[in-house]
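Structural characterization, general
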Amino acid sequence: MEQPAGGAASADAADDAVEALDRPLPEGVRRRVVALVSDAFGGLTVTELPAQLRQYARFTPTRRAKFAGNAMAAALEGDAAFRLRIGERLRETQPELSAALEAGSLPAAADPVDVAAAAYVLRPAGWVKLLAAAGEEAERADAERADDESRRELERLREELAQARAQTRSETERLRSDLDASRKEAESLQRKLRSAANEVKRGEAALRRGRAESETVRAEAAAQVSAAESETRRLRARLSEAEASVEAGRRAAREGRSVEDMRVRLLLDTVLEAAGGLRRELALPPSSMRPADTVDAVEPGRMSPKDVAARALSDTDPALLDQLLALPQAHLIVDGYNVTKTGYPQMPLEKQRLRLLGGLSVLAAQTGAEMTCVFDGAELAAPVLLAPPRGVRVLFSRAGVTADELIRQLARAEPSGRPVVVVSTDREVADGVAKAGARPVASLLLLKRLSRV
C-alpha cells in the first residue's frame, strides 16, 4: 500500500541520514541515473517538477539528458519528493527489478549498471551496499571486457607484427635486388654521362661558331634592311610627289588648263611685276638720259661704291626678309615646328601653332606676299581642328610623309624664276630647296621679324 508523499519523504530523509555514499557515483552509473530521470521526466506535470527543471519540461529525453543532466542529478539528490516521483515511475516501467531491489536481493541476470542506477533512485534498505556491489560488479565486468579486448588487441598486434616481419623480409630482398640493379644502371649511366659530356662540349663549340656566324649574318641583314628602308622612304617620297603631280594635273585638267600653263602664267606675272617695279624705281625722263651719264664717276651728294657696299644686309637682319618679301609674286614657305621650337619650345604644340600663324597673318597683311606654313602631321592621332588665318595657307603632311618632304615638294612645284623663300634651320631642308631655286633663310630671321609685328 502506497504511503503518503509527505510520510515517504520523511522516511526517505531519515534513511538518507543513516545511509550515504562515501564516494561519487561511477560515471557509467551516473549516466544511467540521468537517463532514467530523463525518461521518467515526461510522465510528470510541470507542478510536480522542481523549479530548476521546469524549463526542460518540453525537451525530448535525449536533449533533456544532454542539457539538464547536472540539474537533474542535483534535484534527485537534494529533493526527496522528486526522487520519490521518479521512483514511482521506475516501479511502473521496471516492476521486476524494483521489486527485487526492495526485497534486498540482487538479480543475477540484470545489468550491474541498471541495478546500481535503480538502487540509487529507489534507495531501499541497504541501497548503499547494493550500489557498491553493483558498482563492483560493473567494474569487474568492465575489467573483464577490458582484458578480453586487450587479449584480442594483443593477438591482432602479434599477427600484424608477424605480417610486418614477413613483409619486411620480402621488402628487404626486393630492395637488395633493386639496389644491385640500380648500381648496374648507375654504372651504365655514368658511362653515358661521360659520353654525353663530351658531346655537350663539342655541341657548345659548334654553338659558339654558329652564334658568331649568325651575328655576322644578322649584321649584314640589318645593313641590308636599313638600306632597303632608306630606299623605301625615297621611293615613297617620289611616289607621293608623283601622286601629288598627278592630282594637280587632274585638277588643272578639270579646270580647263594645265599645270605648265599655270606655272608659265605665274612666271609671266612675276616678270611683268618685276619689270613694272624696275620701271617705277628707275623712272627717268627718256630725253634726260645721255651716254655720258653711263660713265662711272662720283658726283657731288651721291653715294660712293663704298657706301653702297655698306648697305649690304646680314643673314640675321630682319630687313633682309622684308627685301625678299618685297620682290614681285614672292612666296614665303615656313617650316612651322622648326620655327616654333626655336622661338618658344616650352609652349604646348597647339599654342605654338596659334602664335606663329597669328604673326604670319599680320606679316602677310603688311607685305602682300603669298605665305604657306607647313606642320608635320605624321604623328597626329586625329585631324587638327584649325581655322587658317587670313592670308596664310596651312598644310599638314600626310601619313608617311614628313614636313621636310612636303616643303621640298612645294619648292619644286614653283616655276623657275619666281622668288620663293623657305624659312628653316634644318640644313637638309635648306640644301633641298636651294637645289629647287628657292632662297633658304634661318628661323631666327623670321622670329626677329615677327617680334616687330
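Look above for the structure.
Keep in mind it's a predicted model, so treat the numbers as computed, not measured. (Residues numbered from 1 in each chain as written. Predicted model: local features only at pLDDT ≥ 70, side-chain atom pairs only at ≥ 80, totals over all residues. Heavy atoms only, no water.)

The next subject is the overall build of the chain. Each helix and strand counted, the chain has 16 helices and 5 strands in total. Buried positions account for 28% of the 453 residues belonging to the chain. A separation threshold of at least 6 residues defines the contact pool for the chain, and within that pool the share at least 24 residues apart is 62%. Only carbon and sulfur atoms are counted for the fraction: they give 54% of the accessible area of the chain, which is about 29,700 Å². (Helix = DSSP H or I, 4+ residues; strand = E, 2+ residues; numbered from the N terminus. Buried < 20%, exposed > 50% of the residue type's maximum accessible area, 1.4 Å probe, protein only. Contact = heavy atoms within 4.5 Å. Areas by Shrake-Rupley, 256 points an atom, 1.4 Å probe, with all protein chains shown as cover.)

Attention now goes to the side chain of D335. You can see D335 is positioned in strand β1 (residues 331-335). It turns out D335 is buried and unbridged, and the closest side chain with the opposite charge, R408, is 8.6 Å from it. Excluding residues within four positions of it along the chain, D335 makes contact with V374, D404, I407, V423 and S424. (Lys, Arg positive; Asp, Glu negative; His and termini not counted. Salt bridge = Lys/Arg side-chain N within 4 Å of Asp/Glu carboxyl O.)

Tallied over the entire structure, the rule returns 17 salt bridges. The salt bridge involving E155 is made with R158; its shortest N-O contact spans 3.5 Å. Residue E155 and its partner R158 are located together in helix α8 (residues 127-254), separated by 3 residues, close to a single helical turn. For E155, a relative accessible area of 42% translates into the label partly exposed.

What you see with strand β4 (residues 420-423) is no split at all: V420 and V422 on one side and V421 and V423 on the other are buried throughout. Two strands pair when backbone bridges link them, and β1 and β4 are joined in this way by 4 bridges, in the parallel orientation. The partner of I333 across the bridge, within β4, is V422. Here 3 bridges tie β4 to strand β5 (residues 439-441), and the two strands are oriented parallel to one another. Looking across to β5, one finds that V423 is bridged to V441. (Pairing = 2+ DSSP bridges.)

Okay, the environment of T62 next. Looking at where T62 falls in the secondary structure, it is placed in helix α3 (residues 61-67). Taking relative accessible area as the criterion, T62 reaches 64% and is therefore assigned exposed. Once the C-alpha coordinates of T62 and A35 are considered, the two residues, 27 residues apart in sequence, prove to be 8.2 Å apart.

With parallel pairing, the 5 strands of this open sheet are ordered in space as β3-β2-β1-β4-β5. Sheet topology places β3 (392-396) and β5 at the edges, where each strand pairs with a single neighbour. Ignoring which end each strand starts from, the neighbouring axes of this sheet average 20° apart. Contacting β1, β2 (370-375), β3 and β4, helix α12 (residues 336-343) crosses the sheet at an angle of about 60° to β1. Packing of helix α14 (residues 403-413) onto the sheet brings it into contact with β1, β2, β3 and β4, and relative to β2 it is tilted by some 155°. (Axes fitted to C-alpha atoms, helices over the stretch in contact; angles between N-to-C directions.)

Right, let's talk about the packing of helix α5 (residues 80-93) against helix α6 (residues 95-102) for a bit. Describing two packed helices takes the angle between their axes plus the distance from one axis to the other. The contact between α5 and α6 brings their axes to 5 Å, and the two run at 115°. Contact with α5, carried on its side by L90, R91, E92 and T93, involves P95, S98 and E102 of α6 and no other residues of that element. A breakdown of the residues in the contact of α5 with α6 according to their chemical character gives 2 nonpolar, 2 polar and 3 charged. (Nonpolar A, V, L, I, M, F, W, Y, C, P; charged D, E, K, R; others polar.)

A positive phi angle, close to 55°, is found at Q329, a residue other than glycine. Looking at the element boundaries, Q329 is found in the loop between α11 (318-325) and β1. Q329 sits in the partly exposed class, given a relative accessible area of 25%.

Turning our eyes to something else, we now look at the packing of aromatic side chains. Within the structure shown, the criterion is met by 2 aromatic pairs. Between Y337 and F375, the ring centres sit 5.0 Å apart and the planes meet at 55°, which makes this aromatic pair tilted. You can see Y337 sitting in helix α12 and its partner F375 sitting in strand β2, a full 38 residues away along the chain. On the basis of relative accessible area, Y337 is assigned to the buried category, the value being 12%. You can call F375 buried: its relative accessible area is 0%. Of the aromatic side chains, those joined through ring pairs into one cluster are Y337, F375 and F396. Here the guanidinium or amino end of K341 rests over the ring plane of Y337, the centre of that ring lying 5.5 Å away. (Phe/Tyr/Trp six-rings, centres within 6.5 Å; stacked < 30°, edge-to-face > 60°. Lys NZ or Arg CZ within 6 Å of the ring centre and 35° of its normal.)

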